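Residue-level structural notes
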Amino acid sequence: MPKAAETVLEINLINLEHNYRYLKGKLKPETKFLGVVKAFAYGSDSVKIAQKLEKLGVDYFAVAYVHEGVQLRDAGIKTPILVLHPQAVNFKILIERCLEPSLYSPKILKEFLEVAKELQQKDYPVHVKFNTGLNRLGFWENDINFILEKLDNRSEIQVTSIFSHLAASEDLKEKEFTLKQIRNFKKIAQEFDKKTDQKPFKHLLNTSGIINYPEAQFDMVRSGIGLYGFGNDAEIDSQLKPVATLKTIISQIHKIEPGETVGYNRAFTSEGYQITATLPIGHADGIGRQYGNGKTYVNVNGQKAAIIGNVCMDMIMIDITNIDCKEGDEVVIFGDNPSAEEFASTSKTISYELLTSISQRVKRVFIES
Ligand SMILES: *Cc1c(COP(=O)(O)O)cnc(C)c1O
């Protein structure tokens, strides 16, 4: 790997392929795989990630919003794209760009039917989302008749799939609740199939669901975080490889005297003769202020260096008192060590939030072979 000469987010597409194959290995051969590439593919680069996954033969993509799907279509992605959380204002664009909406409420179903009719669609593919306990988005079980009444004698849309989302698939203490969600979903699916001849395919599991509830694969699974190297479980994490590595370099080194302070509001006070390094990365790059003041470490030539004082917009300062390093040396913020999960956990958050926070100011570089 090339040494960083500025702050970069290194995206390792070889590791992405490894994770994809690992997760595929958990599935029955006929189970379809949906790659979740919302939020810039969890903060990496949705176009590059989607291009690689398309080459590997992924069956579906999902994004949260319509404009994320448009970006993939602009880049030439041909695979079906499910838009998990579309808003009616974008339905025309959605249809023009062959994106497939999740329809999650009576209101959004009616709004989509109107636009589909206006644009004279026939059998436009849609995905109906049911709420089985997350209580976030989705129809309730007893909305089935309403949905079917709406679809009766109309040919504008075709229910391609029905799906739901687990609330706590990573938390085995909630196993009973999860099993109840799985049973609910099965019941909804059976009722839907009994009452219509649309024969939608079914999907429920996210990454942790694939790991913990393989019996609930149905026809497709939806994986995001696993593709990027995390499984919400130390054992699984050891099998996956991180796709994103955030690196920077040492801009300047300072030797400070006992009692001197470092950074805004003089938040750090030196206890003795200490050495600090300033790095060109800050909260505008996605390293939030919660990581300052000694809680979090970065990796300087294999050694742990604490982030000291307040995180600035474009800089952080680290303590390198006992570390052999010089100006221009590479610093790993997260990657193999510390992992994004370890880094995030120092301020009680999760890899998902840290990864998706890395701002668009940070240059992305790709490792492809
Ligand atoms: C984000 C999302 C996923 C992916 O979850 P991971 O835990 O990252 O695998 C799957 N399904 C839905 C509905 C989502 O919103």
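Scroll up for the structure.
Conventions and cut-offs
- Residues numbered from 1 in each chain as written.
- Predicted model: local features only at pLDDT ≥ 70, side-chain atom pairs only at ≥ 80, totals over all residues.
- Heavy atoms only, no water.
- Phe/Tyr/Trp six-rings, centres within 6.5 Å; stacked < 30°, edge-to-face > 60°.
- Buried < 20%, exposed > 50% of the residue type's maximum accessible area, 1.4 Å probe, protein only.
- Helix = DSSP H or I, 4+ residues; strand = E, 2+ residues; numbered from the N terminus.
- Lys NZ or Arg CZ within 6 Å of the ring centre and 35° of its normal.
- Salt bridge = Lys/Arg side-chain N within 4 Å of Asp/Glu carboxyl O.
- Near = heavy atom within 4 Å.
- Polar contact = N/O pair within 3.5 Å; in protein donor to acceptor, adjacent residues only side chain to side chain.
- Areas by Shrake-Rupley, 256 points an atom, 1.4 Å probe, with all protein chains shown as cover.
- Pairing = 2+ DSSP bridges.
- Contact = heavy atoms within 4.5 Å.

By the definition in use, this model includes 11 aromatic pairs. Between Phe130 and Phe139, the ring centres sit 6.2 Å apart and the planes meet at 50°, which makes this aromatic pair tilted. Phe139 matches Phe130 in its accessibility class, with the two residues each being buried. Ring centres 4.7 Å apart and planes at 45° place the aromatic pair Tyr291 and Phe343 in the tilted group. Remark: Phe343 occurs in helix α11 (residues 340-345) and Tyr291 occurs in the loop between β14 (274-279) and β15 (297-300); sequence separation between them is 52 residues. Like Phe343, Tyr291 is buried. Cluster of aromatic residues (ring-pair linked, three or more members): Tyr42, Tyr228 and Tyr352. For the cation-ring pair, Lys32 lies above Phe201, with the distance from its terminal atom to the ring centre recorded as 4.5 Å. Here the basic side chain of Lys304 rests over the ring of Tyr297, its NZ or CZ set 4.6 Å away from the ring centre.

Residue Asn337 is joined to Pro338 through a cis peptide bond whose omega torsion reads -5°. Summarising the element assignment, Pro338 is placed in the loop between β18 (330-334) and α11. Of note, Phe218 is a non-glycine position whose phi angle comes to about 50°, a positive value. Tracing the chain through its elements places Phe218 in the loop between α9 (207-212) and β9 (220-223).

Note that side chains of opposite charge can pair when their charged atoms are close. Inspection of the entire model under this criterion finds 19 salt bridges. Note that Lys107 and Glu111 form a salt bridge whose closest N and O atoms lie 3.0 Å from each other. Separated by 4 residues within a single helix, Lys107 and Glu111 lie in helix α6 (residues 106-118), roughly one turn from each other. Residue Lys107 is classed as exposed on the basis of its relative accessible area, which comes to 56%. On the accessibility criterion, Glu111 (23% relative accessible area) is partly exposed. Among the salt bridges present, the one from Asp329 reaches Lys326, with a minimum N-O distance of 2.9 Å.

Further remarks concern the site of the ligand. Neighbouring the ligand are 14 residues, the closest being Lys38, Tyr42, Thr207, Ile225 and Tyr352. At a separation of 3.1 Å, an oxygen atom of the ligand approaches a polar side-chain atom of Asn206. Between Gly224 and the ligand, the recorded distance is 2.9 Å, taken from a backbone N or O atom to an oxygen atom. Here the ligand has 390 Å² of accessible area as a free molecule, and 94% of this is covered by the chains.

Once that is clear, we can look at the pairing of β18. Burial within β18 is extensive, with 5 of its 5 residues counted as buried. Pairing of strand β10 (residues 244-249) with β18 involves 4 bridges; the strand directions are antiparallel. Bridged to Ile249 within β18 is Glu330.

All buried positions along helix α4 (residues 66-74) are accounted for by Val66, Glu68, Gly69, Val70, Leu72 and Arg73. For α4, the secondary structure elements touched by its buried residues are α2 (38-43), α3 (46-56), β3 (60-63), β4 (81-83) and α5 (91-96). Looking one or two residues past α4, Gly76 carries a phi angle of roughly 90°, positive in sign.

By the secondary structure assignment, Gly69 is in helix α4. You can call Gly69 buried: its relative accessible area is 0%. Once residues lying within four places of it in the same chain are set aside, the contact partners of Gly69 are Val63, Ile81 and Leu99.

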